[in-house]
Amino acid sequence: MKIKLLVLTLLLVCNLSYTQSPKINFLNYEHDFGEIEEDGGSVSHTFEFANEGTSPLVILSVKPSCGCTTPNWSKDPIKPGGKGFIIAQYDPKGRPGVFRKSLAVFSNSESNSEKMSNSTYIYIKGKVNQK
């Protein structure tokens, strides 16, 4: 009887911890800038996301795949049902040709733990026309 009670308690605790987690969901996971000019200056795109979980979502960091991309993001915890953003700024200077860059979004999201990883990826792409 004690073993059944212990197993039931453990299942209940596991279920509660699973249901009390944030979940990040981006409206779009990729943005295409199309054709941009090498000497036209930096371009940026704002990725919007929602916390579809049941506890606050925290963006811990955003790591771009190269130094040509600069991120900025919501620093405050996002409440359940709330929205946040990640801005990806790309500098085309000295980079003619087609590009596709990733940004790893590290958070406390449930969807990250399901993938056995602590990051979600978003992407920017386009073509830089040589000056």
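Look a little higher up for the structure.
Here's what I pulled together on the structure shown here. (Residues numbered from 1 in each chain as written. Predicted model: local features only at pLDDT ≥ 70, side-chain atom pairs only at ≥ 80, totals over all residues. Heavy atoms only, no water.)

## Considering the overall build of the protein chain
Scanning the protein chain from N- to C-terminus turns up two helices and eight strands. In the protein chain, the succession of α and β elements from N to C terminus is α-β-β-β-β-β-β-β-α-β. Across the 131 residues in the protein chain, those meeting the buried criterion constitute 37%. Sequence-distant contacts, at least 24 apart, represent 70% of the contacts inside the protein chain between residues at least 6 apart. Of the roughly 8100 Å² of accessible surface on the protein chain, a fraction of 57% belongs to carbon and sulfur atoms. (Helix = DSSP H or I, 4+ residues; strand = E, 2+ residues; numbered from the N terminus. Buried < 20%, exposed > 50% of the residue type's maximum accessible area, 1.4 Å probe, protein only. Contact = heavy atoms within 4.5 Å. Areas by Shrake-Rupley, 256 points an atom, 1.4 Å probe, with all protein chains shown as cover.)

## What about the pattern of salt bridges?
Taken as a whole and judged by the stated rule, the model has two salt bridges. The salt bridge involving Arg100 is made with Glu30; its shortest N-O contact spans 2.7 Å. Of this pair, Arg100 sits in strand S7 (residues 97-107) while Glu30 sits in strand S2 (residues 30-37), placing them 70 residues apart in sequence. Among the salt bridges present, the one from Lys125 reaches Glu30, with a minimum N-O distance of 3.7 Å. Placement of Lys125 in strand S8 (residues 119-129) and of Glu30 in strand S2 is noted, with a sequence separation of 95 residues between them. Here Glu30 falls in the partly exposed class, since its relative accessible area comes to 33%. By sharing partners, the salt bridges in this structure join Glu30, Arg100 and Lys125 into a single network. (Salt bridge = Lys/Arg side-chain N within 4 Å of Asp/Glu carboxyl O.)

## A few points about the pairing of strand S5 (residues 69-73)
Residues Thr69, Pro71 and Trp73 point to one face of S5 and are all buried, whereas Thr70 and Asn72, pointing to the other face, are not buried. Relative to strand S6 (residues 83-90), S5 runs antiparallel, the two sharing five bridges. Paired with Thr70 across the two strands is Gln89, which belongs to S6. (Pairing = 2+ DSSP bridges.)

## Here we look at the environment of Gly40
Tracing the backbone through its elements, the reader meets Gly40 in the loop between S2 and strand S3 (43-51). With a relative accessible area of 57%, Gly40 lands in the exposed category. Once the C-alpha coordinates of Gly40 and Val128 are considered, the two residues, 88 residues apart in sequence, prove to be 9.7 Å apart.

## A word on the environment of Gly41
Locating Gly41 in the fold gives a position in the loop between S2 and S3. Note on Gly41: relative accessible area 34%, which makes it partly exposed. Residues Gly41 and Lys93 lie 52 residues apart in sequence; the distance between their C-alpha atoms is 7.2 Å.

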